[in-house]
Amino acid sequence: MKKMDITAKVFYILSIVILVGFTAIVILEATGVLTLTDAPFVCGFLAATGLYCPGCGGTHAVVELARGHFFKSFLAHPFVIYIVACSVVDFVIYTVCLIRKKGFPKFKMIFVYIGIGILFAQWIAKNIWLLAQ
């Protein structure tokens with residue numbers, strides 16, 4: 001059996017952490033143990049520069065995704081949905097490989113670059129929209 005490279009191991013573990021954390025948020029919110037709120041949060045970057053930071057909207061996107069509002073989550077911060085989707089795919093692929101004791105596919109860094117592109121594209125778009133107002 002071909003071994004999993006270190007990058008694939010790191011991203012597999014990150015996928016598990018992201019999926020367990022997100023699942024816990026969804027379950028706790030659905031049972032009423034945790035109440036997700038969209039309370040205003042003052043971003044230090046926004047307060048200092050008047051511009052959105054690359055992460056602005058991320059918390060709102062997680063809240064909307066946990067409530068099952070995929071489109072609202074995407075509008076708030078598309079990177080969140082991308083990360084959750086990549087985590088699901090990564091988890092399924094590597095778990096199936098572990099169960100079948102087959103060789104592991106090599107991790108493709110293109111997915112990281114796509115994520116970085118999404119992160120910065122939304123950051124630039126939000127600030128263009130902010131400055132155009």
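Quick summary incoming for the structure in this document. (Residues numbered from 1 in each chain as written. Predicted model: local features only at pLDDT ≥ 70, side-chain atom pairs only at ≥ 80, totals over all residues. Heavy atoms only, no water.)

### Quick word on the overall build of the protein
Each helix and strand counted, the protein has six helices and zero strands in total. Its helices and strands taken in sequence order, the protein reads α-α-α-α-α-α from the N to the C terminus. Dimensions of the protein along its principal axes, counting C-alpha atoms only, are 55 × 35 × 25 Å. Counting over 133 residues, the protein shows a buried share of 26%. Here the contacts in the protein between residues at least 6 apart in sequence split such that 64% fall between residues at least 24 apart. Entry remark: accessible area of the protein is about 8,800 Å², with carbon and sulfur atoms responsible for 76%. Charge centroids of the protein, computed over 11 positive and 5 negative side chains, lie 16 Å from each other. (Helix = DSSP H or I, 4+ residues; strand = E, 2+ residues; numbered from the N terminus. Buried < 20%, exposed > 50% of the residue type's maximum accessible area, 1.4 Å probe, protein only. Contact = heavy atoms within 4.5 Å. Areas by Shrake-Rupley, 256 points an atom, 1.4 Å probe, with all protein chains shown as cover. Lys, Arg positive; Asp, Glu negative; His and termini not counted. Charge placed at Lys NZ, Arg CZ, Asp CG, Glu CD.)

### Quick notes on the packing of aromatic side chains
The full count for this structure, using the stated rule, is three aromatic pairs. Aromatic ring contacts, followed pair by pair, group Tyr12, Phe91 and Tyr94 into a single cluster. (Phe/Tyr/Trp six-rings, centres within 6.5 Å; stacked < 30°, edge-to-face > 60°.)

### So, helix 3 (residues 58-66)
Restricting attention to buried positions, one finds in helix 3 the residues Gly58, Ala61, Val63, Glu64, Leu65 and Ala66. Of the surrounding secondary structure, the elements contacted by the buried residues of helix 3 are helix 1 (6-30), helix 4 (70-76) and helix 5 (78-100). Phi turns positive, to about 85°, at Gly68, one or two residues after helix 3.

### As for the packing of helix 3 against helix 5
The packing of two helices is summarised by the inter-axis angle and the distance between the axes. Close contact between helix 3 and helix 5 brings their axes to 8 Å; oriented N to C, the two are set at 55°. Judged by the angle between their axes, helix 3 and helix 5 are oblique. In the crossing of helix 3 with helix 5, the sense of the turn from one axis to the other is right-handed. In this structure, helix 3 uses Gly58, Ala61, Val62 and Leu65 to contact helix 5, whose residues at the interface are Val80, Ile81 and Val84. Of the residues assigned to the contact of helix 3 with helix 5, the class counts are six nonpolar, one polar and no charged. (Axes fitted to C-alpha atoms, helices over the stretch in contact; angles between N-to-C directions. Parallel < 35°, antiparallel > 145°, perpendicular 65-115°, else oblique. Left-handed = near helix turned anticlockwise from the far one by under 90°. Nonpolar A, V, L, I, M, F, W, Y, C, P; charged D, E, K, R; others polar.)

### Things to note about the environment of Thr37
Mapped onto the elements of the fold, Thr37 is located in the loop between helix 1 and helix 2 (44-49). Spatially, the C-alpha atom of Thr37 lies 9.5 Å from that of Thr59, the residues being 22 residues apart in sequence. Sequence-distant contacts of Thr37, defined by excluding residues within four places in its chain, comprise Val63 and Arg67.

### Quick word on the packing of helix 1 against helix 3
For the pair helix 1 and helix 3, the least separation of the axes is 9 Å and the interaxial angle reads 65°. When you trace helix 1 past helix 3, the crossing you get is right-handed. Across the interface between the two elements, Phe22, Ile25 and Val26 from helix 1 touch Val62, Leu65 and Ala66 from helix 3. Its residues placed into classes, the contact of helix 1 with helix 3 shows six nonpolar, no polar and no charged.

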